[in-house]
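Notes for the structure review
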Amino acid sequence: MRKKTLLFLLVLFILLLTACNSNSKVYSLADITQLFEKADLHLKPQAEDSYPAIKNVKPSAYELLDDILYIYVFESEDERVEASKGLNVQEIFNTPSDINPPLSYIHHTNNVLIIYITSNPLDQNFKEQIDDILTTEQVQK
């Protein structure tokens, strides 16, 4: 009986440590823009416009290499996950599918969703650079 109790307490302790050591850092917009700047990807803020909201979250828009980068910052990772379900960029940005739709690149991490709308195919190295910006931050936490 004592072994079962000890085993139960050990499992409970491990679950508690796992829950407390969650990788769900909540990023602010300033955090994300600083990460891009550190990577020498300079974001030029765009004037407020009627940018499409996703689940009532309005994006901040930036020019990046002559194209537009939208950064959606949700309250939590759970909200971002829910907002990403069934996400259709063409519908959100009202892009007719029969008229040379712009290409999009979507990246998400924790509470942040990034949509990069571009008129040119993205170079694989550039995609990896964007991925690395947030992935590296995840490792450094």
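Predicted model, so just to flag it, every value in this text is computed and none were measured.

Secondary structure assignment for the chain yields 5 helices and 5 strands. Starting at the N terminus, the α and β elements of the chain follow one another as α-α-β-β-β-α-α-β-β-α. A fraction of 57% describes how many contacts in the chain between residues 6 or more apart in sequence connect residues 24 or more apart.

Ranked by internal contacts, the top residues of the largest apolar core, which has 18 residues, are Ile32, Phe36, Leu64, Leu69, Ile71 and Ile114. Of all elements in the fold, only helix 2 (29-38), strand 2 (60-64), strand 3 (67-73), strand 5 (112-118) and helix 5 (124-140) reach the threshold of two or more residues within this core. Residues within four places of isoleucine 71 in sequence aside, it is in contact with Leu29, Ile32, Thr33, Leu43, Pro59, Ser60, Tyr62, Val112, Leu113 and Ile114. Ranked by size, the runner-up nonpolar core spans 13 residues in total, among them Tyr70, Tyr72, Phe93 and Ile115.

On to the pairing of strand 4 (residues 103-109), then. Here 7 bridges tie strand 4 to strand 5, and the two strands are oriented antiparallel to one another. By the bridge assignment for strand 5, threonine 109 is matched with valine 112. Connecting strand 4 to the antiparallel partner strand 5 that follows it, the hairpin turn spans 2 residues, and asparagine 110 within it adopts a positive phi of roughly 45°.

Below, the discussion takes up the side chain of threonine 118. In this structure, threonine 118 sits in strand 5. For threonine 118, the side chain forms a polar contact with the side chain of aspartate 67, separated by 2.6 Å.

Strand order in the open sheet formed by 5 strands is 1-2-3-5-4, and the pairing between neighbours is antiparallel. Both edges of this open sheet fall to strand 1 (44-45) and strand 4, since each of them pairs with a single strand only. The pairing of strand 3 with strand 5 spans 6 bridges and is antiparallel. The residue bridging isoleucine 71 from the neighbouring strand is isoleucine 114, located in strand 5. Across the sheet, helix 2 touches strand 2, strand 3 and strand 5, and the angle it forms with strand 3 is around 145°.

Bringing the confidence of the model for the chain into the picture now. Taken as a whole, the chain shows an average pLDDT of 77; of its residues, 74% reach a score of 70 or greater. The least confident element of the chain is helix 1 (residues 2-20), whose mean pLDDT is 47; the most confident is strand 1, at 94. Taken as a whole, residues 6-13 scores under 50 in pLDDT and shows 0 contacts with residues more than four places along the chain or in a different chain.

Scanning all chains against the criterion turns up 2 salt bridges. Where arginine 80 meets glutamate 77, a salt bridge forms, and the shortest distance between an N and an O atom there is 3.7 Å. Of the two residues, arginine 80 and glutamate 77 are both situated in helix 3 (residues 77-84); the distance of 3 residues between them amounts to about one turn of the helix. Glutamate 82 is the salt-bridge partner of lysine 85, the closest N and O atoms lying 3.3 Å from each other. Judged by relative accessible area, which is 56%, lysine 85 ranks as exposed.

Rules and cut-offs
- Residues numbered from 1 in each chain as written.
- Predicted model: local features only at pLDDT ≥ 70, side-chain atom pairs only at ≥ 80, totals over all residues.
- Heavy atoms only, no water.
- Helix = DSSP H or I, 4+ residues; strand = E, 2+ residues; numbered from the N terminus.
- Contact = heavy atoms within 4.5 Å.
- Core = buried A, V, L, I, M, F, W, Y, C linked by side-chain atoms within 4.5 Å.
- Buried < 20%, exposed > 50% of the residue type's maximum accessible area, 1.4 Å probe, protein only.
- Pairing = 2+ DSSP bridges.
- Polar contact = N/O pair within 3.5 Å; in protein donor to acceptor, adjacent residues only side chain to side chain.
- Axes fitted to C-alpha atoms, helices over the stretch in contact; angles between N-to-C directions.
- pLDDT = per-residue confidence, 0-100.
- Salt bridge = Lys/Arg side-chain N within 4 Å of Asp/Glu carboxyl O.

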